[in-house]
Structures are given as C-alpha cells and as structure tokens.
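Structure at a glance
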Amino acid sequence: MSVSVSERAGAGGPGSPPGPARSAGARTRRRGAALAVIAGCNAMIQLDDPIVNIALPGMRADLGLSAVGASWVLSSYLLAFGGLLLLGGRAGDLLGRRKVFLAGVAVFTAAGCARALAPSAEVLIAVRAVQGLGAACAAPSGLALLLSTFAEGAARKKAIAVCTAVGALSTAGGLLLAGALTSLGSWRWVLLLNVPLGVAILLLGPRVLEETARNRGRLDVPGALLGAAGAASLVYALARAADHPWGEVTVAVPLLAGLALLAVFAAVECRAEQPVVVPRLFADRDRVLAYLATLAVPGALVGAYFFLSQSFQQRGVSPLATACALVPVPVTMAVMAGVAVRIERLVGPKRLMALGATALALGNLLLAGAGGDGPYALRVLPALVLLGTGMACCVIPPTVLATSGLRGDEAGAASSVLNSVQALGGSLGVALLVTASSGRETFTGAMSAGFTAGAVFAVVVLLAALAIRRPARNPARPAPRSR
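This structure is a prediction, so every number in the text was calculated from the model and none was measured.

Look at helix H12 (residues 302-314) against helix H15 (residues 376-402): their axes get within 13 Å of each other, and the N-to-C directions meet at 160 degrees. One finds that H12 runs roughly antiparallel with respect to H15. Considering only the axes of H12 and H15, their crossing is left-handed. Side by side, H12 and H15 meet where Ala304, Leu308 and Phe312 of the first sit next to Tyr376, Val380, Leu384 and Leu387 of the second.

See below:
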C-alpha cells in the first residue's frame, strides 16, 4: 500500500474502523497527544547536553577522569549520534517509524539510567555511545512521525513550531538546572533528570502514535557504513578543532577522511537500488538551501552560550545568575515560535528567514560591540532577545521546506538528513567561532571576534533565504490512496 505523507495524516491509521467512525474531535485529541510525545522526545534529547555538562565536574572528581577522558564523555555520544542518524532514519522507513522511535527512546532512557550507575570512566564513555545510538533512532523517526501525523500546510507548521518551542524551553530549563544544581547533590542524580520523561514517552507513545506502513526493501549496508563512518569522522574532527589547531594531525586527518568517505558515500548512493539517502532529495533547490541554512544557523547562536557564560563568571557572577542572564534566548525563541508561524502566513518562508537572519546578525554585532560589558539591560539583553527571535524565524521555515513535497517512503531519509545537518552545524559553529577568536590578546577581543564570526554565519543564512524560490501552494505530490 502506497500512501503519501500528506494523505497519511488524514487517514484513520492502522486499526481504525472503516468510514468516519472516529470523530474529528477524537482525531484532533489523538494528534495533540502524539505531538506531545514527539515534542517530549525532542525536549528529552535537547535537555541531555546541559545536564551532562552540569555533571561533568563531579564525574571527573569521582571517576578520576582526565581532561581527555572528560572530552570523550561528550564525544562518544556525538560520534554515535552524528554517525548513525542516516541509518536510524532508514531503519524507520523499513521497520516502521513508531517501532524504531520507541526503541530509540527505550535505549536512550536505559542508557540514561546506566550512566548514573557507571562504576568507571570506561563504562560511562561506552554507555554514552549507546545513548547516542538511541538518539540517532529516536530523533529522525520522531520527525518522520510528525510528518505522517500532520499534513503539509498550517497544521504541520504549527506542530513544528510547538516542537521548536518545547525544545527551547527544555534548553532554558537546562540552563537553570546548570546554575541551581552545580553545588547541590550528586552528579549521578543530575544524570537522571530526563529519565522520567523517557519513561512517560514509552508509556504514552504506543497508545497515541500510529504506526506507519513499512516500506519494502533492504538496507544498503555499504552505503550505511560509509555514511556512518564519514559523518562520525567529520563530527570528531570538528569537535577536536574546537580546542586544537586545524593543521594538527588529529584534526586534519579525520576531517579529510570524513569528506572523502562522504564523497564515496554520495557516489554509492547514486547507484544503489535502495539507497540510505534518496538522491532525489537534493534535486530540489529549496530543500538544498534549507539544509544550508540549517547548517549555518547554530553558528549564529553558540557564541552567546560559549562566550557570555565565561564572561559573566569571570566578573564574579554566580552560575545561577549567569544561567538566568542567558535564559532570555530560549524563552524568546519559545514565545516567538508561534508568532513566526503567523508571520510566515503573511510574508512567506523566504521573507521570514531573511527577517530572522537579519535579527541574528544584529544580535551578534551588538554583542561584538558590547564585549559583554556595560549595563546588562541596555547592552546585552536586547541582543539576546534578537538572537531568540532570529532563531525562531530561522529554524521553522527550513524545517518546513526540507520536509515538504515528500513521498511516503522518503520521510525517514529526509528527517535523518535534516538532523545530521543540524548535528554537523552545531559542531562546525563551535569549531569556527573558537578558531576566529583564538590568538587574541584579551578575552574581550576574543569574544568580539567570535560574535563577528557569528554574524557571518547569520549572513550565510540570509543569502540562503534570498535564494529560495517561493514554494507552490501544494508542494506535495499525492500518491494514489489504496484501500
């Protein structure tokens, strides 16, 4: 049975009685509950980064982690997550997206419990890699489930806005926890903070998520291995580049190897009968530009967290006060997510992205000029509000464009590519901002250079937005519905 993504959202789903037996109100409530589960998974994954950073000092003290070992607590997760995203999305297409989504959440949650009980550094690092595997299955399958639950148009845009807002609020919560729990309790308890959310998803998910039709086919093993190795190599190189010179062997070799592996991967996929990533996804100009914007957007934001958190604490501001000072970014992003959807209806995705990119550029330039000094309310807060507004306007349109006009068997692949680009964008942003700020005589000079680099990332998003063509009113190509 072949059902398009746009039609699949309107179907009753497996197990539904024929005809309009299920009331519109019941379908709406079910979709709302499904959205809550998918958004909850997004929040669970986004919350993980701040709570691991909270716990890292305690891990080092209790487990005797060296600086290199501590970096591997972070890198092992990123390597597994970034390297296996393409495989996770394809697995959802072949095995059923709900099944793979729930399996990923289960692995992520179980690993979250296990890391809190880790008796040694080696076990902790291994468990973090397993957790990255879980996230690589849950993230793309969750987005693909959202696409199959909400038809293209206003309903899907609202759903993406909700996920964006929930993810931003989870980041805000993580920031506050980072400040409040730094000196309270054991690091092991901190690592359990997102476990209850995972358990709730596992209990509610089977009740409200409808399984998608499994697509017949087999996994392209050579392509999957090449894609995983290439993405993992790039993520590793970019993580190393954040605090090592680009010409160092441990940065340059994996970077070149990653690019070479991905080039071979692209060649293999173009010839594969059932590729991990459908080449047709890159035949759409707007989709490619959406991927480019998604790659560049993180670089316009990471400086706010990376530089300002250090700047405030160097001036004697407490961790909790620092967290509160940075919270306006995710809070503004959450508030503006719904507003951005309404604005998009009036001006279209192209102008909304251009508006957001301009806000990101202005926010970074304000911070570059302020250097973190001066009255917070006059020099820093306005820039943070601009950054939060710009993120809301620059995250939703590329997500919509990258996941529009898909056939039913392409949602998983499109979702995994989008998630992979986001993961690479975050690593690339940190690496290039640190590189731009290195060699400065003062921290203020380094911070100004970093924020200037952030403005350059925003300009890249702006150029991508200006090159986008206005999409057709009904970009999806519906397939015949089978009964």
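After that view of the structure, there is still more to cover.
Looking now at the pattern of salt bridges. One pass over the full model with this rule turns up six salt bridges. Across the pair Glu248 and Arg240 runs a salt bridge, and its minimum N-O distance is 3.2 Å. Looking at Glu248, the relative accessible area reads 27%, which means it is partly exposed. For Arg240, a relative accessible area of 22% puts it in the partly exposed group. In the salt-bridge network here, residues are joined through shared partners; they are Asp48, Arg115 and Arg128.

Let us look at the environment of Gly258. Residue placement: Gly258 occurs in helix H10 (residues 249-271). The exposure class of Gly258 is buried, given its relative accessible area of 0%. Residues Gly258 and Leu234, spaced 24 residues apart in sequence, show a C-alpha to C-alpha distance of 5.0 Å. Residues contacting Gly258, with those up to four places away along its chain left out, are Gly230, Ser233 and Leu234.

It is worth spelling out a positive patch on the surface at this point. Taken together, Arg285, Lys350, Arg351 and Arg469 make up a surface patch of like positive charges. Examined against the element boundaries, Arg469 turns out to sit in the segment after helix H17 (443-467).

Counted according to the given criterion, the structure contains seven aromatic pairs. An angle of 20 degrees between the planes, with centres 5.8 Å apart, marks the rings of Tyr77 and Phe81 as stacked. Pair noted here: Tyr77 and Phe81 are both in helix H3 (residues 67-95), with a separation of four residues, about one helical turn. For Phe81, a relative accessible area of 13% translates into the label buried.

Another point: the packing of H12 against helix H16 (residues 411-437). Two measures define how a pair of helices packs: the angle their axes make with one another and the distance between the axes. The geometry of H12 relative to H16 is characterised by a closest axis approach of 10 Å and an angle of 50 degrees between their N-to-C directions. By the criterion of interaxial angle, the relationship of H12 to H16 is oblique. In the packing of H12 onto H16, the handedness of the crossing is right-handed. Counting all contacts with H12, which are made through Val302, Gly303, Phe306 and Phe307, the residues of H16 involved are Gly429, Val430, Leu433, Val434 and Ser437. Grouping the constituent residues of the contact of H12 with H16 by class yields six nonpolar, three polar and no charged.

The biggest cluster of nonpolar side chains holds 105 residues, and the ones touching the most others in it are Phe101, Leu146 and Leu308. Here this core takes 15 residues from helix H14 (residues 328-370), the largest share from any one element. Here Phe101 is in contact with Val37, Cys41, Cys137, Ala138, Ser141, Gly142, Leu145, Ile201 and Leu209, once residues within four sequence places are set aside. The next biggest cluster of nonpolar side chains, apart from the first, holds 18 residues, and it includes Leu47, Ala55, Leu63 and Ala121.

Under the 1.5 Å per step criterion, the end-to-end length of H12 is 18 Å for 13 residues, consistent within 8% with the ideal 18 Å. Taken together, the buried positions of H12 are Gly303, Ala304, Phe307, Leu308, Ser309, Ser311 and Phe312. The elements touched by buried residues of H12 are helix H13 (319-326), H14, H15, H16 and H17. Phi for Gly316, located one or two positions after H12, is positive at around 90 degrees.

Cut-off values and rules
- Numbers given for residues are sequential positions, taken from 1 along each chain in its written order.
- Note on the predicted model: pLDDT of at least 70 is required for a residue's local features to be given, and 80 or more for side-chain atom pairs to be given and counted; whole-chain, interface and lining totals, by contrast, use all residues.
- No hydrogens and no water enter the side-chain calculation; it runs on all heavy atoms of the structure.
- Geometry is summarised by axes, namely lines fitted to C-alpha atoms with helices restricted to the contacting stretch, and by angles between N-to-C directions that run from 0 to 180 degrees.
- The helix and strand labels rest on DSSP assignments: H or I over at least four residues marks a helix, E over at least two residues marks a strand, and numbering proceeds from the N terminus.
- Should an angle fall under 35 degrees it is called roughly parallel, over 145 degrees roughly antiparallel, and 65 to 115 degrees roughly perpendicular, with every other angle called oblique.
- Throughout, a crossing is termed right-handed when the near helix is turned clockwise from the far one, and left-handed when it is turned anticlockwise from it by less than a right angle.
- Residues count as neighbours in contact if any of their non-hydrogen atoms are within 4.5 Å of one another.
- Each reported salt bridge corresponds to a side-chain nitrogen of Lys or Arg within 4 Å of a carboxyl oxygen of Asp or Glu.
- The buried label goes to any residue with under 20% of its type's maximum accessible area, the exposed label to any with over 50%, and the partly exposed label to all in between, with areas taken from a 1.4 Å probe on protein chains only.
- Residues forming no salt bridge and having over 30% relative accessible area are the ones grouped into patches, like charges within 9 Å of each other and nonpolar side chains (Val, Leu, Ile, Met, Phe, Trp, Tyr) within 5 Å.
- Using the Shrake-Rupley algorithm and a 1.4 Å probe, accessible areas are obtained, with residue cover drawn only from the displayed protein chains.
- When charges are counted, neither His nor the chain ends are considered; positive counts come from Lys and Arg and negative counts from Asp and Glu.
- Where a charge lies is defined by one atom per residue type: Lys uses NZ, Arg uses CZ, Asp uses CG and Glu uses CD.
- Centres within 6.5 Å are what make two rings of Phe, Tyr or Trp a pair, Trp counting through its six-membered ring; a difference in plane orientation under 30 degrees is then read as stacked, over 60 as edge-to-face, and the rest as tilted.
- Classification convention: Asp, Glu, Lys, Arg as charged; Ala, Val, Leu, Ile, Met, Phe, Trp, Tyr, Cys, Pro as nonpolar; all other residues, Gly among them, as polar.
- Take the buried Ala, Val, Leu, Ile, Met, Phe, Trp, Tyr and Cys residues and link them wherever side-chain atoms come within 4.5 Å; each set so joined is a nonpolar core.
- Under the convention used throughout, the expected extent of a helix is 1.5 Å for every residue step, that is, one less than its residue count.

By themselves, these are just geometric observations and shouldn't be taken as functional.
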